[in-house]
Every structure is written in structure tokens, then in C-alpha cells.
Amino acid sequence: MKKTLPVNVILGNPRVDCARLGICSLDGTDEHTPGPPNGFPAAKNHRFVKAWLSVSPEGHLELLFPTEHMMPLTQKMFFSKQVFTVEVDKTIPEHLCLALGVEPGTAFMAGKWPLTRLEEGYHTIIEAGSEVEYGFSGRLDATLV
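Just so it is clear, the model here is predicted, and its values are computed rather than measured.

Q: What is the right way to read the packing of aromatic side chains from this model?
A: Any pair of aromatic rings gets described here by the distance separating the centres and the angle formed by the planes. Using the criterion set out here, one finds 4 aromatic pairs in the structure. Between F79 and Y122, the aromatic rings sit 4.7 Å apart at their centres with planes inclined by 15 degrees, giving stacked as the arrangement. Residue F79 is found in helix α1 (residues 72-79), and its partner Y122 is found in strand β9 (residues 121-126); the two are separated by 43 residues along the sequence. Seen from the ring of Y122, R117 lies directly overhead, with NZ or CZ sitting 4.8 Å from the centre.

Below is the structure:
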């Protein structure tokens, strides 16, 4: 049975203070989804979304972003195209790697990943990489679309 974890995601590029596109931060636990991170600027709340994180049978990372409480600005900025863009690799926190059963250091790889609109939200599958395997130098071949 596939393990699915509730997570909080701040959308954006961590290298430019969460501006632009990608996954700026990701956190959650096996038991519940925490609230917005302390100190996250109110002006950037449209970047804060809840999601469900899992691993596909092929070993890719899956994210489902429910639209139930998503701001319209968030949908327009991050989900209006048929791709979900990750500008830089983003490592998953170790406690989430352990909960998912993946190697510590597993990361979302940079690229443009197919985005599907479902009744409950937006779904994307992103190639998984690791710090050891890729060294976070970026991979041009990670773009699927």
C-alpha cells in the first residue's frame, strides 16, 4: 500500500527568498500537517499550500495540491500552465524521507513536470534524485515537458 503524507509547502525558489517557481520549503509529519511556519511573511501567504506527498511505483515523487483552501492568486501563479516548474533541486527533510521509506537526501529534481487538474486539486509527478547521486549540480535532462 502506498504511503501518503500530509505536508505544508511554501512555493518558490529557495535561492531567491522564495520568489519565482519551485518548492521553497516542505514540512510535515506522519500524524498531522503543521500550520504555516513561524516567521513566514504575511505578504507571501499565497505561496503557502497544503499537499499530499507520496512515492509512485516507479520511485518518482508525487504531489497532490488540494484546491479546497488554495488562494486564486496561488492557482494563477503556480498552477495555470500544464507544468509544475521546479527551478532548483529541493531535498526532502530527513524525517519525511524516513516516513516515506526513501533514502535520506532524496530530492525533487529541477525541471518542468506534467501537471494534471483533478477534481480535488493539482497532481504532479517529479523525478526523484539524491544528494549523493547528482550533487545538486542541476540536470538539464530532468525536463519532461
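Now that the structure has been shown, we can carry on.
Q: Help me out: how do you make sense of the sheet that holds strand β8 (residues 111-117) in this one?
A: Ordered by their spatial adjacency, 7 strands build an open sheet running β2-β1-β3-β4-β9-β8-β5, and the pairing between neighbours is antiparallel. Strands at the two margins of the open sheet, each flanked by one partner only, are β2 (19-28) and β5 (83-86). Here the strands of the sheet are splayed against their neighbours by 35 degrees on average, with no regard to which way each runs. Pairing analysis gives 7 bridges linking strand β1 (residues 4-13) to strand β3 (residues 48-55), with the strands arranged antiparallel. Within β3, the residue paired with N8 across the bridge is K50. Contacting β1, β2, β3, β4 (61-66), β5, β8 and β9, α1 runs over the sheet at an angle of about 75 degrees to β1.

Q: What am I meant to see in the environment of T116 here?
A: For T116, the location among the structural elements is in strand β8. In this structure, the C-alpha to C-alpha distance between T116 and F84, residues 32 residues apart in sequence, is 9.3 Å.

Q: How do you make sense of the pairing of β4 when you look at a structure like this?
A: Within a regular strand, side chains alternate between the sheet's two faces. The buried fraction of β4 is high, at 5 of 6 residues. Here β3 runs beside β4; their pairing, made up of 4 bridges, is antiparallel. Residue pairing across strands places W52 opposite L64, the latter belonging to β4. Where β3 hands over to β4, the hairpin turn is made up of 5 residues, of which G59 adopts a positive phi near 90 degrees. Here β4 runs beside β9; their pairing, made up of 6 bridges, is antiparallel.

Q: Hey, could you run me through the nonpolar core in this one?
A: Most often, soluble globular proteins keep nonpolar side chains buried together rather than apart. Core analysis: the largest hydrophobic core is formed by 29 residues, its most contacted members being V9, L26, L63, F65, F79, F84 and F108. Residues within four places of F84 in sequence aside, it is in contact with L11, G22, I23, F65, F78, F79, G111, K112, W113, L115, T124 and I126.

Q: Whenever I open this one, the state of the cysteines confuses me. Can you help?
A: Disulfides are covalent bonds that connect the sulfur atoms of two cysteines. Enumeration according to the criterion identifies 1 disulfide in this entry. One disulfide bridge connects C18 with C24, the sulfur atoms lying 2.0 Å from each other. Residues C18 and C24 are joined by a disulfide whose S-S torsion is about -65 degrees; by sign, that bridge is left-handed. The exposure class assigned to C24 is buried, which follows from its relative accessible area of 9%.

Q: Is there a simple way to explain a nonpolar patch on the surface in this structure?
A: A contiguous nonpolar surface patch, about 250 Å² in accessible area, is contributed by M71, L73 and M77. Within the element layout of this structure, M71 appears in the loop between β4 and α1.

Q: Explanation requested: the sheet that holds strand β6 (residues 90-91) in the structure shown.
A: Through backbone hydrogen bonds, the strands of a sheet pair up, either in parallel or in antiparallel fashion. As summarised here, the arrangement of the 3 strands in space is β6-β7-β10, forming an open sheet in which the pairing is antiparallel. Every interior strand has two partners, whereas the edge strands, β6 and β10 (128-130), have only one. Sheet topology places β6 next to strand β7 (residues 106-108); 2 bridges connect them, and they run antiparallel. The residue of β7 that forms the bridge with T91 is A107.

Cut-offs applied
Residues numbered from 1 in each chain as written. Predicted model: local features only at pLDDT ≥ 70, side-chain atom pairs only at ≥ 80, totals over all residues. Heavy atoms only, no water. Phe/Tyr/Trp six-rings, centres within 6.5 Å; stacked < 30°, edge-to-face > 60°. Helix = DSSP H or I, 4+ residues; strand = E, 2+ residues; numbered from the N terminus. Lys NZ or Arg CZ within 6 Å of the ring centre and 35° of its normal. Pairing = 2+ DSSP bridges. Axes fitted to C-alpha atoms, helices over the stretch in contact; angles between N-to-C directions. Contact = heavy atoms within 4.5 Å. Buried < 20%, exposed > 50% of the residue type's maximum accessible area, 1.4 Å probe, protein only. Core = buried A, V, L, I, M, F, W, Y, C linked by side-chain atoms within 4.5 Å. Disulfide = S-S within 2.5 Å. Patch = residues over 30% accessible without salt bridge, like charges linked within 9 Å, V, L, I, M, F, W, Y side chains within 5 Å. Areas by Shrake-Rupley, 256 points an atom, 1.4 Å probe, with all protein chains shown as cover. Salt bridge = Lys/Arg side-chain N within 4 Å of Asp/Glu carboxyl O.

Without other data, these values stay purely geometric and don't point to any function.
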